[in-house]
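# Observations on the model geometry
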Amino acid sequence: MDRPLRLKPASWLVVGGRPQGPGAPLNTPLVPASNFLLGAGRAYARDDGTPTWEALEELLGGLEGGEAVAFASGMAAVAAVFELLPLGARVVLPQDCYPGVVGLAERWAGLGRIALVRLPNEDTPAWVQAAREADLLWLESPSNPLLIVADLEAILSAPRKPGAILAVDNTFATPLNQRPLELGATLSIQSATKLIGGHSDLLLGVVTARDPGLVQALRRIRELMGAVPGALEAFLALRGARTLALRLERAQANAQALAERLQAHPLVARVYYPGLPTHPTHALARRLLGGFGTVLSFELRGGAELADALCRRVRLIRHATSLGGVESTLERRSALPGQEHLPPGFIRLSVGIEDPEDLWADLEAALSFDGS
Ligand SMILES: *Cc1c(COP(=O)(O)O)cnc(C)c1O
């Protein structure tokens, strides 16, 4: 489960998951097959996988330090984790958390399948305490959209209930900035739709684990729920992942520069970015993360109206949801249902790999309301 050849992550991203042997194509072929000739193990794609997803799983498993199981989307991966739980399981979720995960957990709680508890992301002692009784501790770090960094080191090494699942949604950090399995997590979850794919052209999710029993159970759930990745999506995710290290480096340098400039802007009340010393979990981010990430949020003085105007006025930056693409996007997250904990003028910005001066010029022009 070590990264083969003990390569550094950026090198493994380039060479991992490639076909081997004389005459093999250098790149993994896109294999759009539902079934295979019988007699050699692989019979049906939903049960047995395809060469294209397996290459992606090899690449991402090697990166996180476990075995990866790929799903149709990030939410399909999340739902598979919930399927592992016994009836009546005690589930703990952070207060600032991806809305889809909250929606799924609330639905399960409403059906009486789980007991749901929410804790403040930054309240480490509460999480350490909760680990003693929880069946599933769900952490998201940095969190969406407040970018709160959880003390994974403390929480993942705390005494836990036997058999408990400690899952970390690692989407915002990517396995380059944080590897939860190495810190003691049972599962690491990625929406590969975001930075792994990196081009906003696919949906795919991945769960990585070290425990062979859990890996087998996740594969069985995928097979029975039919939550399998598409061949093209797996191919594109593999293609996108090759450049993850470069994209991440550039986009998080851009994010840091924009965060600093936004913080000095008179119309900006507050910037949320773990790379800023003013962020409440900056010290933890410095200690635990390899980089501060590509997403930042900010709050405009002038509330929802000004924030909506900014969303309409940006030109290089696109007004769109989601994150992790090569292109910068922003949206007013406080306009979304279930995000009432955010101030009205709250904007989330996913920073891409454009020239930082162009990005800043776009934001600055869109924020000059009097001169235009
Ligand atoms: C997008 C996202 C998900 C869900 O992934 P999909 O691929 O959209 O299903 C889960 N967690 C986080 C943090 C996300 O950003």
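Our structure's up above, just so we're on the same page.
Because the structure is predicted, anything quoted here is derived from the model rather than measured.

### What about the nonpolar core?
Judged by nonpolar contacts, the single largest core of 33 residues is most densely connected at Phe-71, Phe-82, Leu-93, Leu-136, Trp-138, Leu-187 and Ile-189. By residue number, the principal contributor to this core is helix H4 (residues 74–83), which donates six residues. Those residues in contact with Leu-136 that sit more than four places away from it in its chain are Val-81, Phe-82, Leu-85, Arg-90, Val-91, Val-92, Ile-165 and Ala-167. Formed by 26 residues, the second largest nonpolar core is a distinct cluster that contains Leu-258, Cys-311, Val-314 and Leu-330.

### A short note on the pairing of strand E5 (residues 165–169)
Judged by how many residues are buried, E5 sits mostly within the fold: five of five residues are covered. What you see with E5 is no split at all: Ile-165, Ala-167 and Asp-169 on one side and Leu-166 and Val-168 on the other are buried throughout. By the bridge criterion, three bridges tie E5 to strand E6 (residues 187–191) in an arrangement that is parallel. Among the inter-strand pairings, Val-168 is bridged to a residue of E6, identified as Ser-188.

### Here's the deal with the pattern of salt bridges
Taken as a whole and assessed by the stated rule, the structure comprises 15 salt bridges. Two residues, Arg-287 and Glu-153, come together in a salt bridge whose shortest N-O distance is 2.6 Å. Note that Arg-287 is positioned in helix H12 (residues 282–288) and Glu-153 in helix H7 (residues 152–156), a separation of 134 residues in sequence. By relative accessible area, Arg-287 is classed as partly exposed at 48%.

### Points about the pairing of strand E4 (residues 136–140)
Each regular strand displays side chains that alternate between the two surfaces of the sheet. Most of E4 is tucked away: five of the five residues are buried. Both faces of E4 are covered, namely the face carrying Leu-136, Trp-138 and Glu-140 and the face carrying Leu-137 and Leu-139. Relative to E4, strand E2 (residues 89–94) is paired through two bridges, and the arrangement is parallel. If you follow Val-91 over to E4, its bridge partner there is Leu-136.

Conventions we followed
Residues numbered from 1 in each chain as written. Predicted model: local features only at pLDDT ≥ 70, side-chain atom pairs only at ≥ 80, totals over all residues. Heavy atoms only, no water. Core = buried A, V, L, I, M, F, W, Y, C linked by side-chain atoms within 4.5 Å. Buried < 20%, exposed > 50% of the residue type's maximum accessible area, 1.4 Å probe, protein only. Helix = DSSP H or I, 4+ residues; strand = E, 2+ residues; numbered from the N terminus. Contact = heavy atoms within 4.5 Å. Pairing = 2+ DSSP bridges. Salt bridge = Lys/Arg side-chain N within 4 Å of Asp/Glu carboxyl O.

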